[in-house]
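Listed here are the chains, written in short residue letters.
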Amino acid sequence: MVVSKKTELKEGDVLLKLEDVHMFFGKVCALSGVNLEIRKGEIHSVIGPNGAGKTVMMNIINGLYRPQRGEVFYKGEKINHLKPYKRSELGISRTFQKVEVFGGLSVLDNIRLGRHIHYRSGIFSGSCYLGKTKKEEIEHRKFIEEEIIDLLEIEHIRHKPTGMLPYGLQKRVELGRALAMEPELLILDEPLAGLNLEEVEDMARFILDINEEERWKVTCLLVEHDMGVVMDLSDRVLVLNFGNTITDDTPEAVQKNQDVVNAYLGEEDLYSTRR
Ligand SMILES: Nc1ncnc2c1ncn2[C@@H]1O[C@H](COP(=O)(O)OP(=O)(O)O)[C@@H](O)[C@H]1O
Ligand SMILES: [Mg+2]
């Protein structure tokens with residue numbers, strides 16, 4: 001069976017799975033036998049001190065890195081060999097730890113590009129219609145753009161050059177661009193980093209909406225340092241330390257786990273960390 005975006009899974013089925021994943025950079029072992037199961041419909045978070053291997057894990061899931069050992073499955077099919085653009089066609093989309101927008105382009109054009117880069121061969125090529133006519137695709141695209149602008153409350157800045165916007169709004173635009181691909185799995189690498197308190201609250205609300213609202217229902221993999229938000233939003237939390245899994249459990253269980261508390265010793269209070 002060939003893995004396809006059209007393969008339907010029920011809520012609670014395993015959407016993405018990592019099995020015994022190892023990743024080395026020279027002598028540095030960034031991931032050492034990591035396992036993960038992300039279920040359709042959930043917000044699954046990954047936490048861990050700096051250098052724990054979180055971003056490497058995200059890069060393995062979206063195909064930027066290939067693990068030396070271990071398997072990546074999407075909807076039950078191995079996707080180790082697939083390049084990032086193929087994975088994004090399957091429904092895996094992401095935002096980056098360092099904001100990546102096209103500063104010279106307007107907010108709307110950045111969001112449009114999200115859909116465009118979904119299709120390697122260009123927006124007007126045959127492959128992008130997914131059974132739709134060209135006219136239908138164009139209407140559908142416009143509809144999605146408006147939905148995203150509505151959801152993220154960026155109507156007032158839609159024509160502004162993105163590079164002129166405050167950092168918090170740029171992060172919102174980046175999220176909009178990832179959503180334009182209509183992903184099934186959205187990887188968010190530190191979406192709250194560098195945001196002020198009000199922006200954090202807004203962004204946390206958007207993530208929840210994207211996950212819960214009937215229109216979106218996007219499964220999320222969230223890498224975040226803000227423990228308050230992680231514990232509030234997540235269905236499950238994977239804790240990494242030096243490339244090893246400490247635990248993968250509900251937020252309640254993770255907060256009580258002594259190994260987790262120990263891994264964070266020397267850092268700020270686990271539940272008030274904000275960077
Ligand atoms: N491209 C790379 N080349 C060499 N080492 C890397 C590379 N990417 C990550 N690493 C190393 O892998 C480890 C995990 O990094 P990373 O996943 O970025 O941590 P974090 O949990 O903070 O996101 C670190 O020791 C880092 O230096
Ligand atoms: Mg990182």
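Just above sits the structure.
This report concerns the structure included in the present document. (Residues numbered from 1 in each chain as written. Chains lettered and ligands numbered in written order. Predicted model: local features only at pLDDT ≥ 70, side-chain atom pairs only at ≥ 80, totals over all residues.)

**So, the site of ligand 1**
Then, in step 1: Around ligand 1 sit Phe25, Val28, Ala30, Gly48, Asn50, Gly51, Ala52, Gly53, Lys54, Thr55 and Val56, and that is every residue in its neighbourhood.
Then, in step 2: Put simply, the parts of the chain that give the shell around ligand 1 at least two residues each are β2 (28-39) and α1 (54-62).
Then, in step 3: Top contributing element to the shell around ligand 1 by residue count: α1, with three residues.
Then, in step 4: Classifying every residue of the shell around ligand 1 by side-chain character gives five nonpolar, five polar and one charged. (Near = placed C-beta within 6 Å. Helix = DSSP H or I, 4+ residues; strand = E, 2+ residues; numbered from the N terminus. Nonpolar A, V, L, I, M, F, W, Y, C, P; charged D, E, K, R; others polar.)

**Looking at the pairing of strand β3 (residues 43-47)**
Then, in step 1: Buried residues dominate β3, accounting for five of its five residues.
Then, in step 2: Where burial is concerned, the two faces of β3 agree: the one with Ile43, Ser45 and Ile47 and the one with His44 and Val46 are both buried.
Then, in step 3: Note: β3 against strand β8 (residues 219-223), four bridges, orientation parallel. Of the residues in β8, the one forming a bridge with Ser45 is Leu222. (Buried ≥ 20, exposed ≤ 12 C-beta atoms within 10 Å, placed from the backbone. Pairing = 2+ DSSP bridges.)

**As for unusual backbone geometry**
Then, in step 1: Phi is positive for Asp20, which is not a glycine, with a value near 55°.
Then, in step 2: Positive phi, close to 55°, is recorded for Glu153, a residue that is not glycine.
Then, in step 3: Judged by the 13 C-beta atoms lying within 10 Å of it, Glu153 is partly exposed.

**Comments concerning the sheet that holds strand β1 (residues 14-25)**
Then, in step 1: With antiparallel pairing, the four strands of this open sheet are ordered in space as β2-β1-β4-β5. The sheet terminates laterally at β2 and β5 (77-78), the two strands that pair on one side only.
Then, in step 2: Taken together, the five bridges between β1 and strand β4 (residues 69-74) define a ladder with antiparallel strand orientation. Residue pairing across strands places Leu16 opposite Tyr74, the latter belonging to β4.

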